[in-house]
Amino acid sequence: MPVMTIREAIRQALREEMQRDRRVFIMGEDVGAYGGTYAVTRGLYEEFGEERVRDTPIAESAIVGVALGAALGGLRPVAEIMTINFILLALDQIVNHAAKMSYMFGGQFKVPLVIRVPAGWGQLAATHSQTFEVYFAYVPGLKVVYPGTPYDAKGMLKAALRDEDPVIYIEHTALYPVRGEVPDGDYVVPIGKSEIKRVGRDCTIVTYGRMLQASLQAAEQLAREGIEVEVVDLRTLRPLDMEPVYESVAKTHRALVVTEEWRSFGVGAEVAARIQEHAFDELDAPVMRLGSREVPHPYNKHHERAVLPWPEDVVKAVKLLLR
């Protein structure tokens, strides 16, 4: 299979879906001639023109509001928000309107809206390095995906673009250059299905996004020491598929939940609570969580590194859990 980066996989998914369905169009800040802040949409403006790749003002509320109206009108918009930090300006449109429209009108309206948004660290300081997936995973009516491999990035974006409900599609900025196999041709990765990315026997790691790659690196290091961990990639945060997690915990009897978010009140807290509630009898130790230190993200790269979880932190956590 061809090998490509996550950035290239996302671009390929957008191109293929725009070729397949003329209702799909992209709108956002600098997505056109500039090719996107992270170069994801590069080349699409030249291929599809300004009507289907639309540059917008710096106005997140307007971007999402117009995209919502377009979705209600029968189009399939892809609204790109420059970073998840700026999506706070559009929370009303997303939480009070996009998420609830179909329910409030008894299914008479569909909202086939995709909001693409980069998230996570990258030496961008306190107001630009955050990851707010829990804000959207909390809201019924939304679907939230956070792929961690090129294969999933392409297949899940295709699924999102064909879905009838609003989808928040999160891309970690540090994952754009990650490379992996992506098959030629059309394929879809279903929303709402977790996947075991590595088989093991000693401990279950539950994770997603950037921390999937960190966990897989940690697993390789632990394997050299004779410790085999199983890595479950959630991929979708709403709806949350916990069955592969429960099955894995029943085999390993230990669980470590690894996220980049702050630990308190986050996705990791919800996953840990569900494991404790539904797989308590399988556990030989309390569920452990690993996340970022609960401070605003510093700009200084050494301080930033001390705040965030890394593969070596995952290794230490697994060893502590196995003691």
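For the structure, check the block above.
Residues numbered from 1 in each chain as written. Predicted model: local features only at pLDDT ≥ 70, side-chain atom pairs only at ≥ 80, totals over all residues. Heavy atoms only, no water.

### Quick notes on a nonpolar patch on the surface
Together, Leu72, Met104, Phe105 and Phe109 give the surface a local cluster of nonpolar side chains, amounting to about 370 Å² of exposed area. The residue Phe109 is located in the loop between helix H5 (101-104) and strand E5 (114-119) in this model. (Patch = residues over 30% accessible without salt bridge, like charges linked within 9 Å, V, L, I, M, F, W, Y side chains within 5 Å. Areas by Shrake-Rupley, 256 points an atom, 1.4 Å probe, with all protein chains shown as cover. Salt bridge = Lys/Arg side-chain N within 4 Å of Asp/Glu carboxyl O. Helix = DSSP H or I, 4+ residues; strand = E, 2+ residues; numbered from the N terminus.)

### Some points on the packing of aromatic side chains
Evaluation of the coordinates by the stated rule reveals six aromatic pairs. Between Trp121 and Trp310 the ring centres are 5.4 Å apart and the planes differ by 70°, which places this aromatic pair in the edge-to-face class. Of the two residues, Trp121 is situated in the loop between E5 and helix H6 (133-137) and Trp310 in the loop between helix H11 (301-307) and helix H12 (311-322); the sequence distance between them amounts to 189 residues. The exposure class of Trp310 is buried, given its relative accessible area of 13%. Considering the side-chain rings of Tyr151 and Tyr187, the 4.6 Å spacing of their centres and the 20° angle between planes classify their relative orientation as stacked. Taken together, the residues span a long stretch of sequence, with Tyr151 in helix H7 (residues 150-162) and Tyr187 in the loop between strand E8 (179-181) and strand E9 (195-198) at a distance of 36 residues. For Tyr187, a relative accessible area of 10% translates into the label buried. Cation over ring: Arg210 sits above Trp310, and NZ or CZ is 4.8 Å from the ring centre. (Phe/Tyr/Trp six-rings, centres within 6.5 Å; stacked < 30°, edge-to-face > 60°. Buried < 20%, exposed > 50% of the residue type's maximum accessible area, 1.4 Å probe, protein only. Lys NZ or Arg CZ within 6 Å of the ring centre and 35° of its normal.)

### A closer look at the pattern of salt bridges
Across all of its chains, the model carries 27 salt bridges by this definition. Here Glu171 and Arg116 are joined by a salt bridge, their closest N and O atoms 2.5 Å apart. Here Glu171, found in strand E7 (residues 167-172), pairs with Arg116, found in strand E5; they are 55 residues apart in sequence, far enough to count as distant. According to the relative accessible area criterion, Glu171 is buried, its value standing at 3%. Across the pair Glu270 and Arg274 runs a salt bridge, and its minimum N-O distance is 2.6 Å. Taken together, the positions of Glu270 and Arg274, both in helix H10 (residues 267-278) and four residues apart, correspond to about one turn of that helix. Judged by its relative accessible area of 37%, Glu270 is partly exposed.

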